[in-house]
Amino acid sequence: MNFSVLLRCLLGSKKRAAVVVAFWVLIAGLLAGVAPALESVEDNASANLPPAASDSMKARDLVRAQLPGQDATPAVIVVRGKGTDAAANATRAVAAITSALSGTSRPGHVVSVVSAVTAPDAAAELVSQDRGAQLVIVPMKGSPSEESFQNAVDEVRALVSDRAGPADVAVTGPAGIATDTVKVFSGGDKVLLLATIVLVLIILLVIYRSPLMALVPLLAVGVAMRVAETLGAILADAGVITVSSQTASIMTVLLFGVGTDYALIITARYRETLLDEPDRARAMQTAVRRTAESVLASASTIVLAMFALLVAASPALHGFGPYLALGVAVMALVAFTFIPALVLLLGRGVFWPGGVDKAAERSRGAGIWHRIAALVARAPVKVASAVIALLVVLSAGLLGYQESFNTLSGFRAATESERGQHLIQEEFGPGEIAPSTVVVGSQDDLRSGPAPADIAAALTDADHVSRVADPRMGKDGKTVFYEVVLDLDPYSSEALDAIGPLKQATQSAARAAGVRDATVLIGGETAQNADIRSALDRDTAFVVLLVLAIVTAVLVLLLRSLLAPLYLVATLILSFLATLGATTFFTVTVLGDDGIGNRVTAYIFVFLVALGVDYNIFIMSRFKQELRTQPPAKAITAALTRTGGVVSSAGLILAATFAVLMTQPIRELFQFGFAMAFGILLDTFLIRPLLVPAIVRLLGDRALWPARPGTPQTPSTPTSEPPSADVPAARATGSGRLLRAFTWIAVIEACTWAGLLVGMYLKYIPETTELGVRIFGTLHGAAFIVYVFLTVLVAIRLKWRLGRTTIFALLAAVPPFMTVAFDIWARRTGRLPQPAPTPTPAL
């Protein structure tokens, strides 16, 4: 169906518009009735773990399998006496706490109590050197994500505080940290949503000067958010995607920002069209048709950038994108249908109190944008040089860049867990808050020989090792576990760097002790953070390259140019470096954060590039449209003045919505919110109105190379002429050959994908040969690359509209994504044979 016909069907009259609005309201209501609550399916644990195949996760699994009782989550109680009789105070408090937690009235989730009272042999590990402080370990059963578990931790805290007497006490450890994390997040989403709504409403009222028009984007975002949340909850409940609390918070501000952006773009073009077309229905159809290309390019860029995160092995990145991609896709559909329909349904009253004429007149552009355009036209070299110099200066903040892996230090609210960790560090040493677990596996039984003790003795002499506990033997007798305490802050980069040498020292000690073919793994928070850092470093490089390739491809298809995407992407990279530098300087140097959150850099890059390119898309697509009637110099001036007000308003709203994240008591969200707000403002008020137009002005006719602007036509001149009989036959022949090649490679790509899928089925289900998978996989990969290349060539040669090109490009991408989905399904259902592990008896 032709796009114009579709628009007439949806927006041809008030009745049709009413049907569209009713459809979306009905869909939102039906989904809300069948979907589970989003909070009930959130997974906040896996996002903070390394990849499942990492050594630290293998070590964790071995601890749970080989050591009895390790499935419980421990709460760590630290008790510090006061005054001159601190040791006696601490001893009395520990005795009272142990008695209370061992009695029949103890909280139901408490499994046991380990203290100097119940385990005198462990007093050396549980009592500080000056005996002024002691530790009590309380294993607790159940899942930390359950409300009953969190209530049990609160009961333990209340009981401990009541029995401690004059001593200082705090409950920390994994159980305490998990409970405090939930408390920090609780209520944050409501504050975030309310603050975002109020802020966006105020800005929209200032922009539109009409209450009803200001409510339209908010209603659209509300519908899109409800549909996206319910769909996301259904998919998360089915195990297809994962959703965390941080992802849900970012989804809120993302939809508000993107949704109001799309609403501003469409309604601004609607007001502009009303200058020449008094019929509101036809004016809205024209507005949607003229903005469809840029809005579709914007949404496609964000969605594809989110899907690019699927290449990451880190759960923190891998599970982050699909839910946000779903939200943006739903928002784009709502923007194309619900927003225009609601505006038409409200009629002339949508512009009250100013009226239609004043609203249309404001679309001509404010005087400030005419002055900015004149400045760029007068001195493009000076403007470009000044902006680039400022971006370089801001990038200098990267000199203080460092990352942080300490979850508790990232809370911007006081918690009992953090206070407890500080007490442990002060009284027992920095490494005691998070010991590492060294696992040594052998082919032989180690229960009767001296090897475990010899390895323990050797580990005490390893670099940065403060203490090594007595070895614990696994159930199979072939696996030994050592609790190793480092003399470093376990969350520091120095401690993360020490994991590799510690593993090498253990392997050397095992060989010296005569352990045959020893396998060494290291678990614990320090080892997990080291694996997270390695995975993030590797994943970030892949994601950066893939996102840049996606953005470049979208710009090539939109502008049908090879040069323009290069300088536009270069401005995005400069913007990212300047933003990260400013964020590092403000949060680390000025505010004193331990460092940038370990995932924040990747998040900033993906979002800033995907969203920042939107404003380049809006101005460059308008520039391309203006080239039909004006030379390049005047076209970029017209594009800047006509889009200046609306795009700046959109950028201001998007920056404001992300800035709301700074109200959250989480370091990562605060840093991410600041960076996104700062970076979007850079793109909105420096790069898009100054740097990009200056570059276009300097390049002139070559700005869209290899495309060249034709002879500008007046509005009365026909926009196209019938093809002349003198058109060279070679051109038609060349296009015909290109289309035939495109058709054949499409058929080959489809056939190879079908063969690959059949081969995967034969391999994964009956577990037969993988030769067919390799053959068809290689052919399909090559055909897919050629297919995408020919899609771009055909789009440029035949001047397809972006909508049609995007459809073909997405169709070309379906087979690989289907193959990945099949692979995930096979693994989840157990039909995919897991790779055989390295033959080691302990593992």
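Further up the page is the structure itself.
Chemist: It is not clear to me how empty space enclosed by the protein should be interpreted in this structure. Could you clarify?
Modeler: Empty space among the atoms becomes visible once a probe the size of a water molecule is rolled across them. Counted under the stated rule, the structure contains one cavity of 30 Å³ or more. If you add up the space inside the largest cavity, you get close to 40 Å³. Secondary-structure elements contributing two or more residues to the lining of the largest cavity are α15 (367-378), α23 (632-659) and α24 (667-699). Looking at the lining of the largest cavity element by element, the count peaks at four residues for α23. When its residues are assigned to classes, the lining of the largest cavity shows seven nonpolar, one polar and one charged.

Chemist: Looking at this structure, I do not really get the pairing of strand β5 (residues 436-441). What am I missing?
Modeler: A regular strand places its side chains on the two faces of the sheet in alternate fashion. The buried fraction of β5 amounts to six of the six residues, a majority that puts the element mostly inside the structure. Burial of the side chains of β5 extends over both faces: Ser436, Val438 and Val440 are buried on one face and Thr437, Val439 and Gly441 on the other. In the sheet, β5 pairs with strand β8 (residues 479-486) via six bridges, with the strands oriented antiparallel. In the strand pairing of β8, valine 440 is matched with valine 480. Alignment of β5 against strand β9 (residues 519-523), held across five bridges, turns out to be antiparallel. Paired with glycine 441 across the two strands is threonine 519, which belongs to β9.

Chemist: Is there a simple way to explain helix α9 (residues 211-237) in this structure?
Modeler: Think of an α-helix as turning once every 3.6 residues; residues three or four places apart then point the same way. The terminal C-alpha atoms of α9, which comprises 27 residues, lie 39 Å apart, in line with the 39 Å expected from a rise of 1.5 Å per residue. Glycine 239 sits one or two residues past α9 and shows a positive phi near 80°.

Chemist: Please explain unusual backbone geometry as it appears in this structure.
Modeler: Trans peptide bonds make up most of the peptide bonds, and negative phi angles are found at most residues other than glycine. Geometrically, the link from tryptophan 705 to proline 706 is a cis peptide bond, its omega value of 10° lying close to zero. Take proline 706: it is sitting in the loop between α24 and α25 (729-764). Within the chain, arginine 131 stands out as a residue other than glycine whose phi angle is a positive 60°. On the basis of relative accessibility, which here comes to 49%, the residue arginine 131 falls in the partly exposed class. At arginine 560, a residue that is not glycine, the phi angle is positive and equals roughly 50°.

Chemist: Would you mind going over helix α11 (residues 280-308) with me for this structure?
Modeler: Taking 1.5 Å of rise per residue, the 29 residues of α11 would be expected to cover 42 Å, and the 40 Å separating its terminal C-alpha atoms lies within 8% of that figure. If you look at α11, its biggest bend is around 50°, right at alanine 292. Counting buried positions along α11 yields 22 of 29 residues, so the element is predominantly enclosed. The N-capping residue of α11, defined by a side-chain oxygen 3.2 Å from the backbone nitrogen of alanine 281, is aspartate 279.

Chemist: Looking at this structure, how should I read the side chain of serine 395?
Modeler: Mapped onto the elements of the fold, serine 395 is located in helix α16 (residues 380-395). A relative accessible area of 16% means that serine 395 is categorised as buried. When neighbours within four sequence positions are excluded, serine 395 is seen to be in contact with Leu577, Ala578 and Gly581.

Chemist: Could you clarify how one ought to interpret the packing of helix α10 (residues 245-273) against α24 in this entry?
Modeler: How two helices sit against one another is set out by the angle between their axes and by the gap between those axes. At a minimum axis distance of 11 Å, the contact between α10 and α24 shows a crossing angle of 25°. Between α10 and α24, the interaxial angle falls into the category roughly parallel. Here α10 and α24 pass one another in a crossing that is right-handed. The segment α10 lies against α24, with Gln246, Ser249 and Ile250 engaging Glu668, Leu669 and Phe672. Class assignment for the residues of the contact of α10 with α24 results in three nonpolar, two polar and one charged.

Chemist: Help me understand the packing of aromatic side chains, please; the structure alone is not making it clear to me.
Modeler: Each aromatic ring pair is specified by the distance between its two centres and by the angle formed by the two planes. Tallied over the full model, the rule gives eight aromatic pairs. Taking 5.3 Å as the distance between ring centres and 75° as the angle between the ring planes, the aromatic pair formed by phenylalanine 607 and phenylalanine 672 counts as edge-to-face. Taken as a pair, phenylalanine 607 in helix α22 (residues 600-626) and phenylalanine 672 in helix α24 lie far apart in primary sequence, 65 residues in all. Like phenylalanine 607, the residue phenylalanine 672 is buried in the burial classification.

Chemist: What is the right way to look at the nonpolar core in this model?
Modeler: Grouped burial of nonpolar side chains is what soluble globular proteins tend to show. Formed by 193 residues in total, the largest nonpolar core has its most connected members in Tyr482, Phe607, Met620, Phe623 and Phe658. The dominant element in this core, judged by the number of residues it contributes, is α22, at 18 residues. For phenylalanine 607, the contacting residues outside a window of four places in its chain are Ile250, Leu254, Met306, Phe320, Leu324, Gly612, Phe658, Phe672 and Met676. Ranked by size, the runner-up nonpolar core spans 25 residues in total, among them Ala75, Val94, Ala164 and Ala175.

Rules of the game
- Residues numbered from 1 in each chain as written.
- Predicted model: local features only at pLDDT ≥ 70, side-chain atom pairs only at ≥ 80, totals over all residues.
- Heavy atoms only, no water.
- 1 Å grid on protein atoms, 1.4 Å probe; cavity = no way out; pocket = protein on both sides within 12 Å on 5 of 7 lines; lining within 4 Å.
- Points joined across faces, edges and corners; volume = space filled by probe spheres on them.
- Helix = DSSP H or I, 4+ residues; strand = E, 2+ residues; numbered from the N terminus.
- Nonpolar A, V, L, I, M, F, W, Y, C, P; charged D, E, K, R; others polar.
- Buried < 20%, exposed > 50% of the residue type's maximum accessible area, 1.4 Å probe, protein only.
- Pairing = 2+ DSSP bridges.
- Expected span 1.5 Å × (residues − 1).
- Bend = angle between axes of the 7 residues up to and from the residue.
- Polar contact = N/O pair within 3.5 Å; in protein donor to acceptor, adjacent residues only side chain to side chain.
- Contact = heavy atoms within 4.5 Å.
- Axes fitted to C-alpha atoms, helices over the stretch in contact; angles between N-to-C directions.
- Parallel < 35°, antiparallel > 145°, perpendicular 65-115°, else oblique.
- Left-handed = near helix turned anticlockwise from the far one by under 90°.
- Phe/Tyr/Trp six-rings, centres within 6.5 Å; stacked < 30°, edge-to-face > 60°.
- Core = buried A, V, L, I, M, F, W, Y, C linked by side-chain atoms within 4.5 Å.

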